[in-house]
Structures are given as structure tokens and as C-alpha cells.
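# Structural characterization, general
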Amino acid sequence: MARTHYLPLLFTALIATLSGCGDKEAEKIGSASTDARGLSKSMTVVVSGALNLHYEAKGDAVNVGFLPGKLPGANWLTLSADQEAEGDRNEVSIGPILGFSFDNPDQEKQAIMFQGGRVEVAHDENSASYDTGSYYQYFDTDKSGSNSNVKLDFSKIEKLQSTNKLLDRYRLVGTFQFNAALSPEQPTDDCTREAAAYAAQHGERHPGFDAKLCNAKSVVAKGSFDITQDFPVMTKAG
């Protein structure tokens, strides 16, 4: 499976641009998680494994991207939680997720190209990025990639009163969990040679690469969210 580190970032940027969600210009009042429009956003994040993080993001540190689909239930959704302190920056992001539905939150949702979740950390000039696509290559034993998709569950999707006829206001409450991996930028000759030799002798293997030999590392990211957000009004419920 080809690695596509930059494609999901482009998707996320496109969705955030088209939706107009996550407006960082709004004046804050009351608390760090509520702005002048009455929008409250918070996400808790716990990352364990090769990397350990535990933080809560509020207000502008939580971003929502949304792109309405042409058919009911065909919407795209992204969520992210940022943390910045003293030169360190952490971000846990989910999406693009295809299949988000306001009216049917339990319907099947699919991460685009197994790139549904990322954990990014940066300290000064040093950075690392764990993603679900790399997990599929180095750790997932399931050919279909079931262990490499984000589990995104909604306990509440509540439509609230909106003062703007062009916007629908919703409260989204739920949890998420995904596996992600950090893979080497340049795999060693031993790493690629072993994978090729196995495939030649035994055929397809899942995962395709030996994580230990290739020095890949994995994490589990999970958390919860409580987000009140304005979304564009759709003629048909998504």
C-alpha cells in the first residue's frame, strides 16, 4: 500500500476552507472554550505506547472541518486538538472521515485511504508524525485494515437553535480511538530486502513489513469531545 502522508493534509485544508468552521477570529467570552457566538469546543486526548501524551484542548485549540456530501450521509468530517507550550506542539487529528451523518450517527464511517488518524509532535526543530497509514504497513495483521481505521462514536448529536438562517447549530458529543505508527523516512536495506524476500517466497503478508526490523513504533490514541459548532444548512439532511 503506497504511503500518502500529504494527501490527508490537503483534504483537511480543503474541508476547513470550504466549511468556514473553526473560525479563530471570534471574540472569546466567559471561558477558554466558549466564544461570542456561544460555541463551546473541548477535546481530551490520551496517547500511549511509544509516545505518551495526556491533555485537554479547548476553544480555538479544537478545529472542526466539514464538507457536505451530495447524498444523505455522505458528509466528510475532520476533528483536531492542539496543544502548545514553551516551544512544544502536539496535535491529534481525525479524518477525513467519510460517512458522517447528523441524522444517523451510527452509520458506517470510513477513513480515507486508512489515513484517518494522526498524532504529530514537535519540539523546537525536532518533529515526529504517527499515522494510521503507517500502522497498516507495519503492524496491522488484517488485510482489510480494520485495525487501522478510526473508531468514531457519537453519544449525542443535538440540533440547537441558530440565529443565522444559513447555518445549523449542532452539539456533537462522543469518543474516538485509533492505532497509529511512526515509520522511518528512509527504510533500511535490511527492512525492504526482508519484505521483498518474504513476498517472493511466501506471497502477500500482513503487515507487509517487519516493524521491529524496520524500527517502526506504534501508539494508541483515544479521547472524547464535546463540540458545539455551526454547519452550513443543507437542503437534505446529511
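Here goes a summary of the coordinates provided. Here the structure is a predicted model, which means the values were calculated and not measured. (Residues numbered from 1 in each chain as written. Predicted model: local features only at pLDDT ≥ 70, side-chain atom pairs only at ≥ 80, totals over all residues. Heavy atoms only, no water.)

## What about the overall build of the chain?
For the chain, the helix and strand inventory stands at four helices and eleven strands. A buried classification covers 43% of the 238 residues belonging to the chain. The contacts of the chain with a sequence gap of at least 6 include a subset with a gap of at least 24, amounting to 65%. As presented, the chain carries roughly 12600 Å² of accessible surface, and 50% of it is formed by carbon and sulfur atoms. (Helix = DSSP H or I, 4+ residues; strand = E, 2+ residues; numbered from the N terminus. Buried < 20%, exposed > 50% of the residue type's maximum accessible area, 1.4 Å probe, protein only. Contact = heavy atoms within 4.5 Å. Areas by Shrake-Rupley, 256 points an atom, 1.4 Å probe, with all protein chains shown as cover.)

## Some points on the state of the cysteines
Applying the stated criterion across every chain, the model contains one disulfide. Two residues share a disulfide in this structure: cysteine 191 and cysteine 214, whose sulfurs sit 1.9 Å from each other. Between cysteine 191 and cysteine 214, the S-S torsion sits near 90 degrees, and that sign places the bridge as right-handed. Here cysteine 191, found in helix H3 (residues 189-202), pairs with cysteine 214, found in helix H4 (residues 211-214); they are 23 residues apart in sequence, far enough to count as distant. Across this residue pair, the class does not change: cysteine 191 and cysteine 214 are buried. (Disulfide = S-S within 2.5 Å.)

## Topic: the pattern of salt bridges
Under the defined criterion, the tally for this structure stands at nine salt bridges. Ionic contacts of the salt-bridge type, sharing partners, join the residues Asp82, Glu84, Arg89 and Glu91 into one network. (Salt bridge = Lys/Arg side-chain N within 4 Å of Asp/Glu carboxyl O.)

## As for the packing of aromatic side chains
Any pair of aromatic rings gets described here by the distance separating the centres and the angle formed by the planes. Using the criterion set out here, one finds twelve aromatic pairs in the structure. Taking the centre distance of 5.4 Å and the plane angle of 45 degrees together, the rings of phenylalanine 100 and phenylalanine 154 count as tilted. Of this pair, phenylalanine 100 sits in strand S5 (residues 88-100) while phenylalanine 154 sits in strand S9 (residues 151-160); the two residues are 54 residues apart in sequence, bridging distant segments of the chain. Take phenylalanine 100: its relative accessible area is 1%, and that puts it in the buried class. Overall, the relative accessible area of 10% leaves phenylalanine 154 in the buried class. Measuring from centroid to centroid gives 5.1 Å for phenylalanine 102 and phenylalanine 231, while their planes differ by 70 degrees, and the two rings are edge-to-face. Taken together, the positions of phenylalanine 102 in the loop between S5 and strand S6 (110-111) and phenylalanine 231 in strand S11 (residues 217-232) put the pair 129 residues apart, joining distant regions of the chain. Accessibility expressed as a relative area gives 6% for phenylalanine 102, which makes it buried. Ring pairing ties together the aromatic residues Phe66, Phe100, Phe102, Phe154, Tyr170, Phe225 and Phe231, which thus form one cluster. The side chain of arginine 205 reaches across the aromatic face of tyrosine 198, ending 4.3 Å from its centre. (Phe/Tyr/Trp six-rings, centres within 6.5 Å; stacked < 30°, edge-to-face > 60°. Lys NZ or Arg CZ within 6 Å of the ring centre and 35° of its normal.)

## Some details on H3
Between its first and last C-alpha, H3 extends 20 Å over 14 residues, near the 20 Å set by a 1.5 Å rise per residue. Positive backbone phi, at 95 degrees, marks glycine 203, one or two positions downstream of H3. (Expected span 1.5 Å × (residues − 1).)

## What to know about the pairing of strand S2 (residues 53-58)
Burial along S2 is one-sided: the face carrying Leu53, Tyr55 and Ala57 is buried and the face carrying His54, Glu56 and Lys58 is not. The pairing of strand S1 (residues 41-49) with S2 spans six bridges and is classified as antiparallel. Looking at the pairing, methionine 43 lines up with alanine 57 of S2. A loop of three residues connects S1 with S2, the two strands running antiparallel in sequence. (Pairing = 2+ DSSP bridges.)

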